[in-house]
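# Overview (structure and organization)
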Amino acid sequence: MAAAPPVYVYSPEYVALCDSLCKVPKRASMVHSLIEAYSLLDQMTQAKSGLHGGDGELPHGCLPAAPAEGYDCPATEGIFEYAAAVGGATITAAQCLLDGKCKVAINWPGGWHHAKKDEASGFCYLNDAVLGILRLRQKFDRVLYIDLDLHHGDGVEDAFSFTSKVMTVSLHKFSPGFFPGTGDVTDVGLGKGRYYSVNVPIQDGIQDEKYYQICETVLKEVYAAFNPDAVVLQLGADTIAGDPMCSFNMTPDGVGKCLKYVLQWQLATLILGGGGYNLANTARCWTYLTGVILGRTLCSEIPDHEVPVGCPPSSLSQPETSLLTLLSSSLQFFTEYGPDYVLEITPSCRPDRNEPQRIQEILNSIKGNLKHVV
């Protein structure tokens, strides 16, 4: 019997809300448009995200009465609706896994891993990853959270630092002054959750081969020690070469190998996005990873975006929205992939600051810690 196709959480209204986030304007539309341009939507089951009622209903009290303000999380108009939509979408994806509708569920606009229970942080107004894990825990006894974003997944780690039912694994940049400043190898959890937080601090310039070797080594040990029943995988694209963070030197191919390693476990897997501030490269990365999930090899040449991809047909009939405007918007996305218009991303000449001896010390420490997991 053929495996059920992946679930892809999408609605035009949801993407429009996600486009409004000032740090990544129109990123959600750009990602969805490229996935559609590669004809990948036909191979997935689309699930409509929603806040009210049904699978996407948010638990009471998970959003504050007023958004928490900060220098990186301003309380802008519509931010409550945006945060609720992202949280509802991740819960919808998790519920599809609970109901056995699929083995893999995708919410690329999700993955906002810094938010705390009572605090917005790092462009994250609500921690949808935590909500997804909590929903999965209704059926799956042990949930493994893997965070491959450039930044430490501090909000998720904090939420589960006292439990042995959720293990968090984060590979991230760890350097003085770099946000959020947590996630050293010595941060291992607390109380009953001691040794159930796994942190892999990495320095600038790392490329695909070394990153995958580290990731595979850690995840092999984690899987053997923890024996998870389900996985939440955060795939922030700010590790990719060309990102304004100018830190890691990865390509989608390296991240894709890590994704393949997790998928070969054949567990219920919730896929989330996260960071990624070079919008074209983020769209390239997540489209490529969608192809990996589907077992598809995508052509190098970016397909033309010559029609208003993903726009609801009703929008064409609105008097204030001309066809020319919609076409211009789609063509604007396409031109962002210039001048080469290819899917591949080339690493820069940035030096790798990761010393082999230090990496081995970190891996040995993690292996030693995992011996305490029962």
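The notes below deal with the structure included here. (Residues numbered from 1 in each chain as written. Predicted model: local features only at pLDDT ≥ 70, side-chain atom pairs only at ≥ 80, totals over all residues. Heavy atoms only, no water.)

## Some thoughts on the side chain of Asp154
The condition is simple: Segments assigned H or I by DSSP are reported as helices when at least four residues long, segments assigned E as strands when at least two residues long, and all are numbered from the N terminus. Throughout, exposure labels follow a simple rule: accessible area from a 1.4 Å probe, protein chains only, divided by the maximum for the residue type, with under 20% read as buried, over 50% as exposed, and the rest as partly exposed.
With respect to the helices and strands, Asp154 occurs in helix H5 (residues 154-159). For Asp154, a relative accessible area of 6% gives the class buried.

## Topic: helix H8 (residues 279-294)
Cut-off, in case you're wondering: By this rule the span expected of a helix is its residue count minus one, scaled by 1.5 Å.
In this model, H8 (16 residues) spans 23 Å end to end at C-alpha, consistent with the 22 Å of a helix rising 1.5 Å per residue. In terms of burial, H8 is a largely internal element, 14 of the 16 residues being buried.

## A look at the nonpolar core
To keep it simple, the criterion reads: Here, nonpolar core means buried Ala, Val, Leu, Ile, Met, Phe, Trp, Tyr and Cys residues that are tied together by side-chain atoms lying within 4.5 Å of each other. Any two residues whose heavy atoms approach within 4.5 Å at even a single point are treated as in contact.
In this structure, Trp108 and Met167 are the most contacted members of the largest nonpolar core, which totals 119 residues. Considering every element that reaches this core, the biggest residue donor is helix H3 (residues 79-98), with twelve residues. Those residues within four positions of Met167 in sequence are excluded, and the remaining contacts are Val143, Leu144, Tyr145, Tyr195, Tyr196, Val198, Val222, Phe226, Leu370 and Val373.

## Examining the pairing of strand E6 (residues 197-202)
For the record, the criterion: Paired strands, as defined in this entry, are two strands with at least two bridges between them according to DSSP.
For E6, the buried fraction is high: six of the six residues fall into the buried class. The alternating pattern of E6 places Ser197, Asn199 and Pro201 on one face and Val198, Val200 and Ile202 on the opposite face, and all of these are buried. One ladder, built from six bridges, connects strand E5 (residues 166-173) with E6; its direction is parallel. Bridging across to E6, Ser170 finds its partner in Asn199.

## Some words on the pattern of salt bridges
For the record, the criterion: When a carboxyl oxygen of Asp or Glu is within 4 Å of a side-chain nitrogen of Lys or Arg, the pair counts as a salt bridge.
Per the counting criterion, the structure on display carries ten salt bridges. Note that Asp141 is salt-bridged to Arg137, the shortest N-O span being 3.9 Å. Note on Asp141: relative accessible area 32%, which makes it partly exposed. Classification of Arg137 as partly exposed rests on a relative accessible area of 29%. Overlapping salt bridges bring together Arg137, Asp141, Arg142, Lys165 and Asp229 as one network.

## Comments concerning helix H4 (residues 128-136)
With eight of nine residues buried, H4 is to be regarded as a mostly interior element. Buried within H4 we find Asp128, Ala129, Val130, Leu131, Gly132, Ile133, Arg135 and Leu136.

## Some points on the side chain of Thr239
Note that Thr239 resides in the loop between strand E7 (230-234) and helix H7 (252-263). Residues within four places of Thr239 in sequence aside, it is in contact with Leu148, Asp149, Leu150, Phe248, Asn249, Met250 and Val255.

## Considering the packing of aromatic side chains
What counts, and what does not: A pair of aromatic rings is counted whenever rings of Phe, Tyr or Trp (Trp by its six-membered ring) have centres within 6.5 Å, and the orientation is called stacked for planes under 30 degrees apart, edge-to-face for over 60 and tilted otherwise. Working rule: Lys NZ or Arg CZ, within 6 Å of ring centre, within 35 degrees of ring normal, means a charge sits over the ring.
With the rule as written, the count across this model stands at seven aromatic pairs. Where Trp108 meets Trp286, the ring centres are 5.2 Å apart and the plane angle is 5 degrees; that geometry is what we call stacked. In this pair, Trp108 is assigned in the loop between strand E3 (104-107) and H4 and Trp286 in helix H8, connecting sequence segments 178 residues apart. Considered together, Trp108 and Trp286 belong to a single accessibility category, that of buried residues. Arranged with centres 5.9 Å apart and planes meeting at 70 degrees, the rings of Tyr261 and Trp265 form a pair that is edge-to-face. In terms of burial, Tyr261 and Trp265 fall into one category: buried. A cation over a ring is seen here: Lys23 above Tyr277, with NZ or CZ 5.4 Å from the ring centre. The ring of Phe178 carries the charged tip of Lys173 above its face, separated from the ring centre by 4.4 Å.

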